[in-house]
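# Close look at the chain arrangement
Here are the chains, one letter per residue:
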Amino acid sequence: MQVPAGKLLQQIDQPSDLKKFNEDDLEQISQELRQYIIDVVSVNGGHFAASLGVVELTVALHYVLNTPYDQLVWDVGHQAYGHKILTGRRDNFHTNRVHGGISGFPKRSESIFDTFGVGHSSTSISAALGMAVASQYKGETDRQHVAVIGDGSMGAGMAFEALNHAGIENSNLLVILNDNKISIDPNVGALKEYLADITTSKSYNRFRDDIAYVLNKLSAVGPDAFNIAKKIEKSIKGTLLKQSNFFEALKFRYFGPIDGHDVKHLVKVLNDLKDIPGPKLLHCVTVKGKGYALAEKDQTKWHAPGLFDKITGEIKKTVYEKPQPPKFQDVFGHTIIELAEQNSKIMGITPAMPSGSSLNLMMKAMPNRAFDVGIAEQHAVTFSAGLATQGLTPFCNIYSSFMQRAYDQVIHDVAIQKLNVVFCLDRAGLVGADGGTHHGAYDLAFMRCIPNMVVSSPMNEEELRNLMYTAQLDDAGPFVIRYPRGNGTMVDWKRPFKAIPVGKGRKICDGEELAILTIGAIGNEAVKAVAQLNTEGIYPAHYDLRFVKPLDEALLHEVFTKYQKVITVEDGCLEGGMGSAILEFMADNKYNAEVVRLGIPDLVVEHGEQPELWTDCGYDAAAIANRVRLMEVKPNAHTIAS
Ligand SMILES: Cc1ncc(C[n+]2csc(CCOP(=O)(O)OP(=O)(O)O)c2C)c(N)n1
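So, how was this worked out
Residues numbered from 1 in each chain as written. Predicted model: local features only at pLDDT ≥ 70, side-chain atom pairs only at ≥ 80, totals over all residues. Heavy atoms only, no water. Salt bridge = Lys/Arg side-chain N within 4 Å of Asp/Glu carboxyl O. Helix = DSSP H or I, 4+ residues; strand = E, 2+ residues; numbered from the N terminus. Buried < 20%, exposed > 50% of the residue type's maximum accessible area, 1.4 Å probe, protein only. Near = heavy atom within 4 Å. Polar contact = N/O pair within 3.5 Å; in protein donor to acceptor, adjacent residues only side chain to side chain. Areas by Shrake-Rupley, 256 points an atom, 1.4 Å probe, with all protein chains shown as cover. Nonpolar A, V, L, I, M, F, W, Y, C, P; charged D, E, K, R; others polar. Contact = heavy atoms within 4.5 Å. Core = buried A, V, L, I, M, F, W, Y, C linked by side-chain atoms within 4.5 Å. Axes fitted to C-alpha atoms, helices over the stretch in contact; angles between N-to-C directions. Parallel < 35°, antiparallel > 145°, perpendicular 65-115°, else oblique. Pairing = 2+ DSSP bridges.

Following the criterion strictly, the structure yields 31 salt bridges and no others. For arginine 89, the salt bridge is made with glutamate 110, and the minimal N-O distance between the two is 2.8 Å. Residue arginine 89 is located in helix H5 (residues 81–89), and its partner glutamate 110 is located in the loop between H5 and helix H6 (124–138); the two are separated by 21 residues in the primary sequence. Judged by relative accessible area, which is 4%, arginine 89 ranks as buried. Across the salt bridge formed by lysine 345 and aspartate 474, the nearest N and O atoms sit 3.6 Å from each other. One end of the pair, lysine 345, is in the loop between helix H15 (328–342) and strand S6 (346–350); the other, aspartate 474, is in the loop between helix H22 (461–471) and strand S11 (479–482), and 129 residues separate them in sequence. Assessed through its relative accessible area of 33%, lysine 345 is described here as partly exposed. The structure contains a network of salt bridges with shared partners spanning Lys84, Arg89, Glu110 and Asp114.

The structure is reproduced here in structure tokens:
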């Protein structure tokens, strides 16, 4: 739904229009931008609190910088709605994250103002540094390169790696640390406490505002004056702050902390910083959710609240008459507590996704056994490996797409040493509105090629519980359980635990001529397809493999002995996934059959609702049924014994 923009915002189609306004208008423009985000997100959904927090910063940056010539990189990009609105996407902002609409994250193919595609965190400093070094190499000395990164994302290894490198490159890089003290859940770690110390140092803060101004003026006088001023500045900072400045130690010039909601002051400071050479860091203090009281108060809930009534703040939830199946993440969250109550070795680990994974339940119930380690997937995996060396059984819960970050750790630190780490990969398969950067498309392929791994996927809630139960039985070794975003199919899901023999699939129904093999919850689409086909007198068999590693060879011998036609269905990439595993089995065992593989094709799937994307990729129930019909299974009237 399109909503009208404010009087001044209506006139801004590009940053060049913004620059036509006086500095005195910037507060009103910021207010209108904030209101527009509230108006549109309340009726269309999407990320919310993060963009509200950087409204003034966004306006100031586009006012001062010469974008897109000057390169502005947003970290993660969930806070870049204001940037999108000011850079030509105001009138289709209502299509944000909608199938066929604009992306919820900056994306190079969408706009020249989106200098770098994002979605995963902590890449902005590396990317902006690469741009800055390229400009230096090309002699574009007037070009600015700015990375805007949150305090949560700053805690990740990649951000530190980039700072470490940037400090020794004398290129024109400005890192803006957007310090709102919160990640999705409360931020964790020593860096957070360090930033709080600087922010509250009274003696230092009296003096800080003048630093950029003085340095800027002296840089115009000449290099000698500038260098002397730099030395004085450093020693003053060292004296006034309780400890030496972390960023200065990495050879950045540190400025701030400044109020990230004072748009005029931001404009002044950004202008001052433009002429100061080398790597600089501006520490900006903001409030996540700024300007929407409820969001300021409960920032986690308002990170991405869904649709809401902007006046009352009521978050709209569909009301059902009957109880609904739970989300897979909640089955995980409740089940790990149940298992941990019985097995004292179990620990829970999440890299910065306590609410998203529902590990927050265990963190509350058993605080000494469940850890949020920050946005640090690599560390989460190796930390889990360390716990496992001591006889503990860590359940390391990572979204499938974020697990891509920690691939070496999975192989080098866990699999090679055959450690008992259980990897619960949430958001596996196509995730919906977050789109291409967030789809859990590749895990089946990248996990099944690793020795010592067990790779499994439950079709429903009971199976998830039983796989979790099985994985913590003694010496199960590295064990992957991948499950999708969203709800399962079972209202009555809390059933007694049963061990599942590792590598054992199950037959859902017998059939004639053709067998459908599925892995994971997408198997429920096959169940629907089979039900439809049965009404047409077509009776495919359906097997749920449950494991892509080890494969259930007995089951597959049965399939290829009985059926000449096979369709494989997976909510994962076709290249190297479950269908590929079946073809390998066929070749190795010299079977001949007509095989059709359904799954995510070899392209980046965009955003949309999950069912829309399954349809696009050709593996929703209707598409599966169509493929069966296309394989010319003859309608047959007799009933099949199962
Ligand atoms: C590698 C990776 N892990 C996890 C996430 C999920 N995630 C999205 S935003 C976010 C919090 C970012 O916090 P911060 O950088 O402080 O930005 P803020 O939301 O506070 O503006 C997290 C953990 C991600 N995008 N990328």
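The next thing to look at is the site of the ligand. Taken together, the neighbourhood of the ligand is formed by 22 residues, with His78, Ser153, Ile182, Lys288 and Glu377 sitting nearest. In this structure, an oxygen atom belonging to the ligand sits 2.6 Å away from a side-chain N or O atom of serine 153. A distance of 2.7 Å separates an oxygen atom of the ligand from a polar side-chain atom of lysine 288. Considering the ligand on its own, with 590 Å² of exposed area, one finds that the protein chains cover 98% of that surface. When residues in the shell around the ligand are grouped by element, the largest group, three residues, is from helix H7 (residues 151–154). Looking at side-chain class alone, the shell around the ligand contains eight nonpolar, 10 polar and four charged residues.

Turning our eyes to something else, we now look at the side chain of serine 42. With respect to the helices, strands and loops of the structure, serine 42 is situated in helix H2 (residues 26–44). Setting aside residues no more than four positions away along its own chain, serine 42 makes contact with Ile37, Leu307, Phe308 and Lys310.

Here the focus is the nonpolar core. Inside soluble globular proteins, nonpolar side chains tend to come together where they are buried. Within the largest apolar cluster, 56 residues are counted, with the highest numbers of intra-cluster contacts made by Phe48, Leu61, Ile176 and Leu282. If you tally residues by element for this core, the top one is H2, at eight residues. Setting aside chain neighbours within four positions, we find leucine 61 in contact with Leu72, Trp74, Val146, Val148, Ile176 and Leu270.

As for its placement among the helices and strands, glutamate 536 is situated in the loop between helix H23 (523–535) and strand S14 (541–544). With a relative accessible area of 29%, glutamate 536 lands in the partly exposed category. A distance of 2.7 Å separates the side chain of glutamate 536 from the side chain of arginine 629, its partner in a polar contact.

Describing two packed helices takes the angle between their axes plus the distance from one axis to the other. Their axes nearest at 9 Å, the elements helix H18 (residues 377–389) and helix H20 (residues 407–415) cross at an angle of 10 degrees. On the basis of their axis angle, the class for H18 and H20 is roughly parallel. The residues of H20 that touch H18, namely those facing Gln378, Val381, Thr382 and Ala385, are Gln409, Val410, Asp413 and Val414. Here the contact of H18 with H20 is built from residues that sort into four nonpolar, three polar and one charged.

In this section: the environment of threonine 568. Topologically, threonine 568 is positioned in strand S16 (residues 565–573). Owing to a relative accessible area of 0%, threonine 568 belongs among the buried residues under this scheme. With residues up to four places along the chain from it excluded, the contact list for threonine 568 reads Leu517, Met578, Gly579, Ile582, Val595, Val596, Arg597 and Leu598.

Taken residue by residue, a regular strand's side chains alternate between the two faces of the sheet. With respect to burial, S6 is a largely interior element, five of its five residues being buried. With burial as the criterion, each face of S6 is covered, one bearing Ile346, Gly348 and Thr350 and the other bearing Met347 and Ile349. Direction of pairing for S6 relative to strand S8 (residues 393–399): parallel, over a ladder of four bridges. Looking across to S8, one finds that isoleucine 346 is bridged to threonine 393.

Spatially, five strands are ordered S1-S2-S3-S5-S4 in an open sheet, and the strand pairing comes out parallel. Because the sheet does not close on itself, it has two edges, and the strands there are strand S1 (71–74) and strand S4 (253–259). Pairs of neighbouring strands in the sheet enclose a mean axial angle of 20 degrees, with direction left out of account. Sheet topology places S4 next to strand S5 (residues 280–285); five bridges connect them, and they run parallel.

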